[in-house]
Amino acid sequence: MPQKEHPIVFTIYSGLVRVRLGDLLLARSSRAVVASEAGRPDAIYIPRHNVRMTHMQRSERLTTCPYKGTASYYSLMTEKMVVPDIAWSYENAYPAISRIAHYLAFDPKKVEIELSESSAGEPDSEALKPGP
């Protein structure tokens, strides 16, 4: 659980977040949550309905964080590529961080994460359709 000595602060990103791997758009959201955790770089969590989950396959990898719970990992699987453990999710997050329980965070070393100040003209209220 988050503690006084190890705070985790969640803020809603006010703009648009896009996650890409080359030309493949993996996620687009104006509802992303930024997790600022002591001693770690910020992580951007995106609601699952804004992620192309048809390209994501849960892997066998699990890690445990004493402050957030157990993370499940997802690999990117397309006809052209496989990228292991490209994203993670705290599906059974501790109650204090339950707001990200149905969100995914992408490994910034494996994808390009684009942050735009404004989401005008790019609604994301519906799920991303399966596609290239």
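So, here is what we can say about the structure in this document. (Residues numbered from 1 in each chain as written. Predicted model: local features only at pLDDT ≥ 70, side-chain atom pairs only at ≥ 80, totals over all residues. Heavy atoms only, no water.)

So, the overall build of the protein
Helices and strands together make up the secondary structure of the protein, namely 0 helices and 10 strands. Looking at the protein as a whole, 45% of its 132 residues qualify as buried. Of the roughly 7500 Å² of accessible surface on the protein, a fraction of 53% belongs to carbon and sulfur atoms. (Helix = DSSP H or I, 4+ residues; strand = E, 2+ residues; numbered from the N terminus. Buried < 20%, exposed > 50% of the residue type's maximum accessible area, 1.4 Å probe, protein only. Areas by Shrake-Rupley, 256 points an atom, 1.4 Å probe, with all protein chains shown as cover.)

Focus: the pairing of strand 9 (residues 103–106)
The side-chain alternation of strand 9 yields two buried faces, one formed by Tyr103 and Ala105 and the other by Leu104 and Phe106. Pairing analysis gives 3 bridges linking strand 5 (residues 43–47) to strand 9, with the strands arranged antiparallel. The residue bridging Tyr45 from the neighbouring strand is Ala105, located in strand 9. Relative to strand 9, strand 8 (residues 82–89) is paired through 2 bridges, and the arrangement is antiparallel. When the bridges of strand 9 are listed, Ala87 appears paired with Phe106. (Pairing = 2+ DSSP bridges.)

Notes on the sheet that holds strand 6 (residues 56–65)
With antiparallel pairing, 7 strands are arranged side by side in an open sheet as 1-4-5-9-8-7-6. Among the strands making up the open sheet, the edge pair consists of strand 1 (8–12) and strand 6. Strand-to-strand twist across the sheet, computed as the mean angle between neighbouring axes with direction ignored, equals 35°. Looking at chain direction, strand 6 and strand 7 (residues 69–77) are connected through 7 bridges and run antiparallel. Residue pairing in the sheet places Arg58 in a bridge with Tyr74 of strand 7. (Axes fitted to C-alpha atoms, helices over the stretch in contact; angles between N-to-C directions.)

Some points on the packing of aromatic side chains
Counting across every chain of the model gives 2 aromatic pairs. Between Tyr45 and Trp88 the ring centres are 6.5 Å apart and the planes differ by 90°, which places this aromatic pair in the edge-to-face class. Residue Tyr45 is located in strand 5, and its partner Trp88 is located in strand 8; the two are separated by 43 residues in the primary sequence. A connected cluster of aromatic rings, assembled from ring pairs, spans Tyr45, Tyr73 and Trp88. Over the aromatic face of Tyr73 sits the side chain of Arg61, whose NZ or CZ is 4.2 Å from the ring centroid. (Phe/Tyr/Trp six-rings, centres within 6.5 Å; stacked < 30°, edge-to-face > 60°. Lys NZ or Arg CZ within 6 Å of the ring centre and 35° of its normal.)

As for the pattern of salt bridges
By the definition in use, this model includes 5 salt bridges. Among the salt bridges present, the one from Glu114 reaches Arg20, with a minimum N-O distance of 3.0 Å. A residue pair is termed long-range when its members are at least 10 positions apart, and Glu114 in strand 10 (residues 112–116) and Arg20 in strand 2 (residues 16–21) qualify at 94 residues. The salt bridge involving Glu37 is made with Lys68; its shortest N-O contact spans 2.6 Å. You can see Glu37 sitting in strand 4 (residues 33–37) and its partner Lys68 sitting in the loop between strand 6 and strand 7, a full 31 residues away along the chain. Each member of the pair, Glu37 as well as Lys68, is classed as buried. Overlapping salt bridges, with partners in common, bring together Arg18, Arg20 and Glu114 in one network. (Salt bridge = Lys/Arg side-chain N within 4 Å of Asp/Glu carboxyl O.)

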